[in-house]
Amino acid sequence: MRRKVVVLNGPNLNLLGTRQPDIYGHETLADVERACRALGAELGVAIDFHQSNREYEIIDWIHAAREDAGAIVINPAAFTHTSVAILDALAAFDGLVFEVHISNVHKREAFRHHSYVSGRADGVIAGFGTQGYLLALRRAAALLAPAPAA
Ligand code: DQA
């Protein structure tokens, strides 16, 4: 499998750091991207990192991942609970899929307890803050083919 991981972020995550910091913390999405890229370099994994408030853009990035990525790490945000289209796109991707939620969705409102994406995910992380992205990346790197010897 290819050692490229595509990290996808759904709606409102562009506001990370200022949006409900009591729930999502003070780190910005740029901080998360920086941390993912640094860990990717350490693990020998190429990182693509995207955020969109538009469902179709997330679907297009999942389609693009079919070409050259071994894993997708996705925080679909509110689309988690609504999007059959994102589930279908992920089902058309042959690699690993890890679903990440910054907050523990199971401790929150009932409508957040169901995830369409979990039906396809190889692993789910919720409630570990932004560290969840890094844990998912470590898992992806561990499962993908070893990095070629330097
Ligand atoms: C979230 C949880 C979702 O329920 C919510 O809609 C989000 C963020 C999280 O990271 O905890 O936007 O995915």
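None of the values given here were measured: they were computed from a predicted structure. (Residues numbered from 1 in each chain as written. Predicted model: local features only at pLDDT ≥ 70, side-chain atom pairs only at ≥ 80, totals over all residues. Heavy atoms only, no water.)

The description of two packed helices rests on the angle between their axes and on the distance between the axes. Relative orientation of the contacting elements helix H2 (residues 29-43) and helix H5 (residues 131-143) amounts to 25°, with a least axis distance of 10 Å. As judged from the angle between their axes, H2 and H5 are roughly parallel. At the point where H2 passes H5, the crossing takes the right-handed sense. The segment H2 lies against H5, with Val32, Ala35, Cys36, Leu39, Glu42 and Leu43 engaging Tyr133, Leu134, Leu137, Arg138 and Ala141. Here the residues of the contact of H2 with H5 are counted per class, giving nine nonpolar, no polar and two charged. (Axes fitted to C-alpha atoms, helices over the stretch in contact; angles between N-to-C directions. Helix = DSSP H or I, 4+ residues; strand = E, 2+ residues; numbered from the N terminus. Parallel < 35°, antiparallel > 145°, perpendicular 65-115°, else oblique. Left-handed = near helix turned anticlockwise from the far one by under 90°. Contact = heavy atoms within 4.5 Å. Nonpolar A, V, L, I, M, F, W, Y, C, P; charged D, E, K, R; others polar.)

A word on unusual backbone geometry. Within the chain, Asn12 stands out as a residue other than glycine whose phi angle is a positive 75°. Along the polypeptide, Asn12 turns up in the loop between strand S1 (4-9) and helix H1 (21-24). Unusually for a residue other than glycine, Ala77 sits at a positive phi of about 55°. A residue is classified by how much of its surface remains accessible, and Ala77, at 13% relative accessible area, is buried. (Buried < 20%, exposed > 50% of the residue type's maximum accessible area, 1.4 Å probe, protein only.)

To continue, consider the pattern of salt bridges. In total, this model carries nine salt bridges according to the counting rule given. For Asp48, the salt bridge is made with Lys4, and the minimal N-O distance between the two is 3.1 Å. Separated by 44 residues along the polypeptide, Asp48 in strand S2 (residues 46-51) and Lys4 in strand S1 bring together distant segments of the chain. We classify Asp48 as partly exposed; its relative accessible area is 27%. Between Glu42 and Arg138 there is a salt bridge, with the nearest N and O atoms lying 3.7 Å from each other. Taken together, the residues span a long stretch of sequence, with Glu42 in helix H2 and Arg138 in helix H5 at a distance of 96 residues. (Salt bridge = Lys/Arg side-chain N within 4 Å of Asp/Glu carboxyl O.)

Contacts to the ligand come from Arg19, Tyr24, Asn75, Ala77, Ala78, His81, His101, Ile102, Ser103, Val105 and Arg112. Interatomic distance of 2.7 Å between a side-chain N/O atom of His81 and an oxygen atom of the ligand. The side chain of Ser103 places a nitrogen or oxygen atom 2.6 Å from an oxygen atom of the ligand. In the complex, the protein chains occlude 99% of the 320 Å² of accessible area that the ligand would expose alone. Of the residues that constitute the shell around the ligand, the class distribution is five nonpolar, four polar and two charged. (Near = heavy atom within 4 Å. Polar contact = N/O pair within 3.5 Å; in protein donor to acceptor, adjacent residues only side chain to side chain. Areas by Shrake-Rupley, 256 points an atom, 1.4 Å probe, with all protein chains shown as cover.)

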